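Below are the chains, spelled out letter by letter.
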Protein chains: 2
Amino acid sequence: MSSALMRKTQTPSHDGVTTAESENTRLPPRDRIIASAIDLFRQQGIKGVGVDAIAEAADSNKMTLYRHFGSKDDLICECLKKTSARREQIWRDLEAAHPNDPIGQVRGWIEEAAERIFSDPRGCDLANAAVELREANHPALQLIIEAKKAHMERLINLCRAAGIKQPEQLTDALVLLVEGARVCSQSAGIEGPQQQLKRACDAMIAAYSPDS
Amino acid sequence: MSSALMRKTQTPSHDGVTTAESENTRLPPRDRIIASAIDLFRQQGIKGVGVDAIAEAADSNKMTLYRHFGSKDDLICECLKKTSARREQIWRDLEAAHPNDPIGQVRGWIEEAAERIFSDPRGCDLANAAVELREANHPALQLIIEAKKAHMERLINLCRAAGIKQPEQLTDALVLLVEGARVCSQSAGIEGPQQQLKRACDAMIAAYSPDS
DNA sequence: ACCCCTAGTTACTGGACGGTAACATTCATG
DNA sequence: CATGAATGTTACCGTCCAGTAACTAGGGGT
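Residues numbered from 1 in each chain as written. Chains lettered and ligands numbered in written order. Predicted model: local features only at pLDDT ≥ 70, side-chain atom pairs only at ≥ 80, totals over all residues. Heavy atoms only, no water.

1. A closer look at the pattern of salt bridges
Residues and elements named next belong to chain A.
- Taken as a whole, this structure holds 23 salt bridges over all chains when the rule is applied.
- The salt bridge partner of Glu88 is Arg154, with a shortest N-O separation of 2.7 Å. Residue Glu88 is located in helix 5 (residues 72–97), and its partner Arg154 is located in helix 8 (residues 139–161); the two are separated by 66 residues in the primary sequence.
- Assessed through its relative accessible area of 26%, Arg154 is described here as partly exposed. (Salt bridge = Lys/Arg side-chain N within 4 Å of Asp/Glu carboxyl O. Helix = DSSP H or I, 4+ residues; strand = E, 2+ residues; numbered from the N terminus. Buried < 20%, exposed > 50% of the residue type's maximum accessible area, 1.4 Å probe, protein only.)

2. Description of the side chain of Ser187(A)
- Mapped onto the elements of the fold, Ser187(A) is located in helix 9 (residues 167–187).
- Each residue touching Ser187(A), except ones within four places of it in the same chain, is listed here: Ala127(B), Ala130(B), Ile144(B), Ile145(B) and Lys148(B). (Contact = heavy atoms within 4.5 Å.)

3. A few points about the protein's contact with DNA strand C
- The local shell around DNA strand C holds 17 residues, among which Asn61(A), Arg67(A), Val51(B), Lys62(B) and Tyr66(B) are the closest.
- Taking the atoms of DNA strand C that fall within 4 Å of the protein, sugar and phosphate contribute 48% of them.
- Between DNA strand C and the protein, one listed contact pairs a phosphate oxygen with a side-chain N or O atom of Ser60(A) at 2.8 Å.
- Here a phosphate oxygen of DNA strand C and a side-chain polar atom of Tyr66(B) are 2.7 Å apart.
- Of all the elements in the fold, those that place two or more residues in the surface near DNA strand C are helix 2 (29–44) and helix 4 (62–68) of chain A together with helix 4 (62–68) of chain B.
- Among the elements that take part in the surface near DNA strand C, helix 4 of chain A stands out by supplying four residues, more than any other.
- Split by residue class, the surface near DNA strand C holds six nonpolar, six polar and five charged. (Near = heavy atom within 4 Å. Polar contact = N/O pair within 3.5 Å; in protein donor to acceptor, adjacent residues only side chain to side chain. Nonpolar A, V, L, I, M, F, W, Y, C, P; charged D, E, K, R; others polar.)

4. Topic: the packing of aromatic side chains
All names here are of chain A.
- Throughout the structure, instances matching the rule amount to two aromatic pairs over all chains.
- Consider the rings of Trp91 and Trp109, whose centres lie 6.2 Å apart with planes at 25°: the pair is stacked. Of this pair, Trp91 sits in helix 5 while Trp109 is found in helix 6 (residues 102–119), placing the two residues 18 residues apart along the sequence. In this pair, the class of Trp91 matches that of Trp109, namely buried. (Phe/Tyr/Trp six-rings, centres within 6.5 Å; stacked < 30°, edge-to-face > 60°.)

5. Some remarks on the interface of chain B and chain A
- Contact residues are listed per partner, giving 43 residues for chain B and 43 residues for chain A.
- At the boundary of chain B with chain A, total buried surface from both sides reaches about 3500 Å², with 68% on carbon and sulfur atoms.
- Area buried by chain B at its contact with chain A is led by Arg134(B), Leu176(B) and Ser187(B), which between them contribute 21% of it.
- In this structure, the connection of chain B to chain A is made through zero salt bridges.
- Linking chain B with chain A are five residue pairs in polar contact (both at pLDDT 80 or more).
- Counting only elements with at least two residues in the side of chain B that touches chain A, the list comes to helix 2 (29–44), helix 7 (125–132), helix 8 (139–161), helix 9 (167–187) and helix 10 (197–208) of chain B. (Buried area = accessible area lost by both parts, 1.4 Å probe.)

6. Points about the relation of the copies chain B and chain A
- By a simple turn and slide, chain B fits onto chain A: the slide is 0.0 Å along the axis, the RMSD is 0.1 Å, and the turn is 180°. The two molecules are tied by a two-fold rotation axis, judged by turn and shift. If distances are taken from each C-alpha of chain B to the rotation axis, the shortest is found for Gly180(B), at 1.8 Å.
- When the interface residues of chain B are mapped onto chain A, 100% of them again lie at the interface, so the same face is used by both copies. (Least-squares fit on C-alpha atoms with pLDDT ≥ 70 in both.)

7. Some remarks on the nonpolar core
- The biggest cluster of nonpolar side chains holds 60 residues, and the ones touching the most others in it are Leu174(A), Leu177(A), Met204(A), Leu174(B), Leu177(B) and Met204(B).
- Filtering out sequence-adjacent residues up to four positions away, Met204(B) remains in contact with Leu177(A), Ala200(A), Ala203(A), Met204(A), Leu170(B), Ala173(B), Leu174(B) and Leu177(B). (Core = buried A, V, L, I, M, F, W, Y, C linked by side-chain atoms within 4.5 Å.)

8. Focus on the side chain of Ser36(B)
Residue and element names in this part refer to chain B.
- Mapped onto the secondary structure, Ser36 falls in helix 2.
- Here Ser36 falls in the buried class, since its relative accessible area comes to 12%.
- Setting aside its immediate chain neighbours within four residues, Ser36 contacts Ile54, Ala57 and Ala58.

9. A word on unusual backbone geometry
Residue and element names in this part refer to chain B.
- Even without glycine at this site, Asp59 takes up a positive phi of about 55°.
- Within the secondary structure, Asp59 is located in the loop between helix 3 (51–57) and helix 4.
- You can call Asp59 partly exposed: its relative accessible area is 22%.

10. Thoughts on the protein's contact with DNA strand D
- Taken together, 18 residues form the shell around DNA strand D, and within it Val51(A), Lys62(A), Ser60(B), Asn61(B) and Arg67(B) come nearest.
- Backbone sugar and phosphate groups make up 46% of those atoms of DNA strand D lying within 4 Å of the protein.
- Between a phosphate oxygen of DNA strand D and a main-chain N or O atom of Val51(A), the distance comes to 2.7 Å.
- A distance of 2.9 Å separates a phosphate oxygen of DNA strand D from a polar atom in the side chain of His68(B).
- Listed by contribution, the elements that provide at least two residues to the surface near DNA strand D are helix 4 of chain A together with helix 2 and helix 4 of chain B.

11. Points about helix 10 (residues 197–208) of chain A
- Spanning 12 residues, helix 10 of chain A covers 17 Å between terminal C-alpha atoms, matching the ideal 16 Å at 1.5 Å per step.
- Those residues of helix 10 of chain A lying buried are Leu197(A), Ala200(A), Cys201(A), Ala203(A), Met204(A), Ile205(A) and Tyr208(A).
- Close packing links the buried residues of helix 10 of chain A with helix 6 and helix 9 of chain A together with helix 9 and helix 10 of chain B. (Expected span 1.5 Å × (residues − 1).)

Here it is, written out as C-alpha cells:
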C-alpha cells in the first residue's frame, strides 16, 4: 500500500524540457490509463478499484478517462485486449527464442508461466476477470473466451508439429495444469501444488510423447 | 415484499406432536443467511452482492444479519467455513462409497469434481473467493489456505495408501488439473479443456502408478 | 492572429454500499 | 400472564461509486 503511494508521488515533467529520452517519455493519457488500470485491477481486483483511483494512478483524471472509454466496462475490455496482445508478443518471443523447435516453445511457455507464478502470484488476469465478472453476458467474457481459444489453438499446432500423438489432448492437459497453478498461487498458499507445475507438465508431455 | 409476507405466515407447531421432522421446518435465521449468502456469492460474486440483498434473500433483514455476523467480512468467513465443512462431508461420503479402496476414493473425488463442473460451471467457491478478496491479510485468506491444505493432506494419504510411488507429486498434479478445470469452466467457454479433466487425471495417475 | 482539439480541474448527481440506532413484534418459557 | 431474548421494521448515517457538466489551459496547424 504505502509503497504504491510513494511510487506514484513522483512529480511528472516538473522541469519540462529534459524529458527527451528514455522511458520517461510520457505516454498519451489513454495508454497511461490502460496501464494503470491493468496494474490496479491486478493488485486489488476489478471490482475492488474505482475509476477515480485509476485516473489518479494514471496521473490523469476521470473526465479524460471517460472521454477515451465510454464506461468502466469498456475500460475493462480494453485492458483485457491489451493483456491478450501482450500474450501474443510473448508467443512471438518464444518463437524467436526456439526457432524450428515446437516442443521447445511449449516448454518455454511453461517455463515462463512458472516464473511468473513465483515472481507475481496473482494468477491470470483473464481468468481472474472471468471470476469477477459473473453478470450474464458481460462484454468481457467473450473476449476472454476467444483469447483462451486462440491461445490453445497455438499450443495445439505446436504440439502437432512436435509429433505429439494427440496434440489436442496434451494441450488440454497442459492448459489445465498451468491454469490450475495460477489459481493455486492465489488460493493454496506459497507452498501449494503450483510448486510442482513444471514436473507435472513434464510427466504429461512424456505420457503423450511417442515412445523413445 | 408481499411474497415474503405470505411465506412467513406458516404457523409453526400448530398441531403439536407430528412436526418431528420434515424439511419444512424453517431453519434459524443464521443458517438461512449463510445459505443465501453462499448462493448469491456464487451467482454474482462476493463483491457483486450487498448485505441488503443477502438479508432479503434469506427472508430476514439487515439488522438480524448484523446481530449474527459482525461485518460482511465475518459473514464471508462463515460461508467459507460452511463450504469447507460440506467438502469434509463429501469426503466422508466417498469413504463410505469406496471402503478400503483409496484409489477408488481419489477417482470418486475426480468424478464428483467433473460432474459439478458440468452441472454448475462456476468454479470453486474457495478459489473464487481468493481471487476476489485480494486486499492483503483478508481474514478469509487463511481459511482458504488451510482448507486447501487439509484437502491435499487427505489426498496424499489416499495416494500413499494406494501404493502410489510419489503420493505428494501425484496429489499436486491432480489438484492442479482439477483446479484448472474449475477455473477454465468459467474462462474458457463451454468447450474448454475442462472437458478432458478425467482423461488427463487418468493419464497422470497412470504415470505415477507402479508399472503393472 | 485564429481555431480546434486534447487534456486537466472542479464540482456535482443519483444511487448503492456497509453499518447503526430506535423501536416494534413474536414467542417460548417461567 | 409476565418476562426477556431473538427477530423484524423503518429510518438513518457517512462513504464510495459510476458517470456528467462546465469551465479552463495548452499546443499545433492554417
